[in-house]
Amino acid sequence: MAATNIETWQSATVEQVVPVADGIARIVLIPSLPLKAEPGSHVDLMVEINGEQAKRSYSVVESNHDGTRLVISVMKAPLSRGGSIFMHSLVPGQRLEITQPLQNFPLRVGARRYILLAGGIGITAIANMAAVLKRLKADYTLVYVGRSRSAMAYLEELSELHGERLEVHVDDEGSSLKVPAVVCRADADTELYMCGPIRLMDAVRRTWVERELDLPNLRYETFGNSGWYDPEEFIVRVPKLNLEVTVPQGRSMLEALEDAGAEIMFDCRKGECGLCEVRITEVSGAIDHRDVFYSERQQRQGTKMNCCVSRAVTSATGAKTDAAHAGPAVITIEPN
């Protein structure tokens, strides 16, 4: 699902920052030059973390027809690497460096039927698609999943816009999504677009494959930071480079290796393209595969990982650890 985009940077002014759900802020940006955003696009922007600049990506929730106004929404993650905290601290009038809208998740117009599936903050990547399909009078269903209504951004607006085409599943109301019930509605003429937590998307992908539906009709975008286990600090060793690096909870392995001077190939930084693949030669603990690049079988083999998102953990069920080693997980790798 990854595509290469050539980034061009310009400044943008923050016009508005307002809460739209528990821990989620709606941020309106006015770019210095018009930026038109297609459904499924995102922007990269520079945030400041501990006095240093870092790049983060956010889906474009909406934009006006002349490209003079962009809206993104940011969830303040409890285990944030610092980007979401910075974004929630923005005030009107503040200026940011921002790219043009980049496209890794395009909506293909012309399918006979669409299912749009959003889990939690994944609605930011899906909402604009749903609005376009409504304008086109397409046959679509928007499925929105969340822990609670108070944590679901834009729920009231989406209900008003899409009416019966919106299907809501709320965990704390006992109406959790049953993935097979959604996938079984798809046929050879249906395209399913999804964005959400890795557990949700993994379940959809497995069910899609089991039903032998065409894989090109299943399209998705990831957050690049959701996994099966909470992130832990771990150690990565690279014998060929004579490196031993500690990876904190709030940094990816790729970032920690870059900080140590290692040159690792990468593109998407979201576990989609596989360019940052490294070979695993030894691990004390287990691998928390957070990518959507490998198949389930490849992940079980445990011989490779995408270092931009995946991590080593000790908390995984069945993780193998040395009794004499009570500290963090340790992984030894060889870069490709």
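First, a word on scope: everything that follows refers to the structure included in this document. (Residues numbered from 1 in each chain as written. Predicted model: local features only at pLDDT ≥ 70, side-chain atom pairs only at ≥ 80, totals over all residues. Heavy atoms only, no water.)

1. Comments concerning helix α3 (residues 155-162)
Part 1 of the reasoning: Regarding α3, the residues found buried are Leu155, Leu158 and His162. Down the axis of α3, the smallest arc covering the buried residues is 65 degrees, so these residues share one side. For α3, exposure combined with an orientation more than 90 degrees from the buried face picks out Glu156 and Glu160.
Part 2 of the reasoning: Each element contacted by the buried residues of α3 is listed here: α2 (123-135), β9 (140-146) and β10 (166-170).
Part 3 of the reasoning: Positive phi shows up at Gly163, right after α3, with a value of about 55 degrees. (Buried < 20%, exposed > 50% of the residue type's maximum accessible area, 1.4 Å probe, protein only. Helix = DSSP H or I, 4+ residues; strand = E, 2+ residues; numbered from the N terminus. Arc of directions from axis to C-beta. Contact = heavy atoms within 4.5 Å.)

2. Let's talk about the state of the cysteines
Part 1 of the reasoning: For the structure shown, the criterion picks out zero disulfides.
Part 2 of the reasoning: Note on Cys307: no disulfide assigned, nearest cysteine sulfur contributed by Cys276 at a separation of 4.2 Å. (Disulfide = S-S within 2.5 Å.)

3. Considering the sheet that holds β10
Part 1 of the reasoning: Ordered by their spatial adjacency, five strands build an open sheet running β10-β9-β8-β11-β12, and the pairing between neighbours is parallel. Taken across any chain shown, the strands that pair with only one partner, and hence form the sheet edges, are β10 and β12 (218-221). Neighbour to neighbour, the strand axes of the sheet diverge by 15 degrees on average, direction disregarded.
Part 2 of the reasoning: Where β9 and β10 come together, five bridges link them in parallel fashion. Among the inter-strand pairings, Val145 is bridged to a residue of β10, identified as His169.
Part 3 of the reasoning: Contacts from α2 reach β8 (113-119), β9, β11 (190-195) and β12 within the one sheet, and its direction differs from that of β8 by about 155 degrees. (Pairing = 2+ DSSP bridges. Axes fitted to C-alpha atoms, helices over the stretch in contact; angles between N-to-C directions.)

4. Quick look at the environment of Asp189
Part 1 of the reasoning: Looking at the secondary structure, you find Asp189 in the loop between α4 (179-183) and β11.
Part 2 of the reasoning: For Asp189, a relative accessible area of 38% translates into the label partly exposed.
Part 3 of the reasoning: C-alpha of Asp189 to C-alpha of Asn217: the two residues are 28 residues apart in sequence and 8.4 Å apart in space.
Part 4 of the reasoning: Beyond its immediate chain neighbours, meaning those up to four positions away, Asp189 contacts Arg112 and Arg113.

5. A word on α2
Part 1 of the reasoning: Taking 1.5 Å of rise per residue, 13 residues should cover 18 Å, and α2 covers 18 Å from first to last C-alpha, within 8% of that figure.
Part 2 of the reasoning: Counting buried positions along α2 yields eleven of 13 residues, so the element is predominantly enclosed. (Expected span 1.5 Å × (residues − 1).)

6. Points about the sheet that holds strand β17 (residues 304-306)
Part 1 of the reasoning: Strand order in this open sheet of five strands is β14-β13-β19-β15-β17, and the pairing throughout is mixed. In this open sheet, the two strands that pair with only one neighbour each are β14 (243-247) and β17. Neighbour to neighbour, the strand axes of the sheet diverge by 35 degrees on average, direction disregarded.
Part 2 of the reasoning: The pairing of strand β15 (residues 277-284) with strand β19 (residues 329-335) spans six bridges and is classified as antiparallel. Along β19, the bridge assignment pairs Glu282 with Thr332.

7. Notes on unusual backbone geometry
Part 1 of the reasoning: A positive phi angle is found at Asn50, which is not glycine, with a value near 55 degrees.
Part 2 of the reasoning: Mapped onto the fold, Asn50 is located in the loop between β3 (41-49) and β4 (52-63).
Part 3 of the reasoning: According to the relative accessible area criterion, Asn50 is exposed, its value standing at 78%.
Part 4 of the reasoning: Of note, Lys137 is a non-glycine position whose phi angle comes to about 55 degrees, a positive value.
Part 5 of the reasoning: Within the element layout of this structure, Lys137 appears in the loop between α2 and β9.
Part 6 of the reasoning: When its relative accessible area of 75% is taken as the criterion, Lys137 is described as exposed.

8. Describing the side chain of Ser11
Part 1 of the reasoning: Mapped onto the secondary structure, Ser11 falls in strand β1 (residues 9-21).
Part 2 of the reasoning: Sequence-distant contacts of Ser11, defined by excluding residues within four places in its chain, comprise Pro31, Ser32, Arg95, Leu96, Glu97 and Ile98.

9. Things to note about the packing of aromatic side chains
Part 1 of the reasoning: Under the criterion given, the structure shown has three aromatic pairs.
Part 2 of the reasoning: When the centroid spacing of 6.0 Å and the interplanar angle of 55 degrees are considered together, the rings of Phe105 and Tyr193 count as tilted. With Phe105 in the loop between β7 (102-103) and β8 and Tyr193 in strand β11, the pair connects residues that are 88 residues apart, well separated along the chain.
Part 3 of the reasoning: The class of Tyr193 is buried, set by a relative accessible area of 0%.
Part 4 of the reasoning: For the ring pair Tyr114 and Tyr193, a centre distance of 6.2 Å and an interplane angle of 35 degrees mean the geometry is tilted. With Tyr114 in strand β8 and Tyr193 in strand β11, this residue pair connects regions lying 79 residues apart in the sequence. Tyr193 carries the same exposure label as Tyr114, and that label is buried.
Part 5 of the reasoning: Following the ring pairs from residue to residue traces out a cluster consisting of Phe105, Tyr114 and Tyr193.
Part 6 of the reasoning: Directly above the ring of Tyr140 sits Arg165, whose terminal nitrogen or CZ lies 4.9 Å from the centroid.
Part 7 of the reasoning: Over the face of the ring belonging to Phe266 we find Arg269, whose NZ or CZ atom lies 4.0 Å from the ring centre. (Phe/Tyr/Trp six-rings, centres within 6.5 Å; stacked < 30°, edge-to-face > 60°. Lys NZ or Arg CZ within 6 Å of the ring centre and 35° of its normal.)

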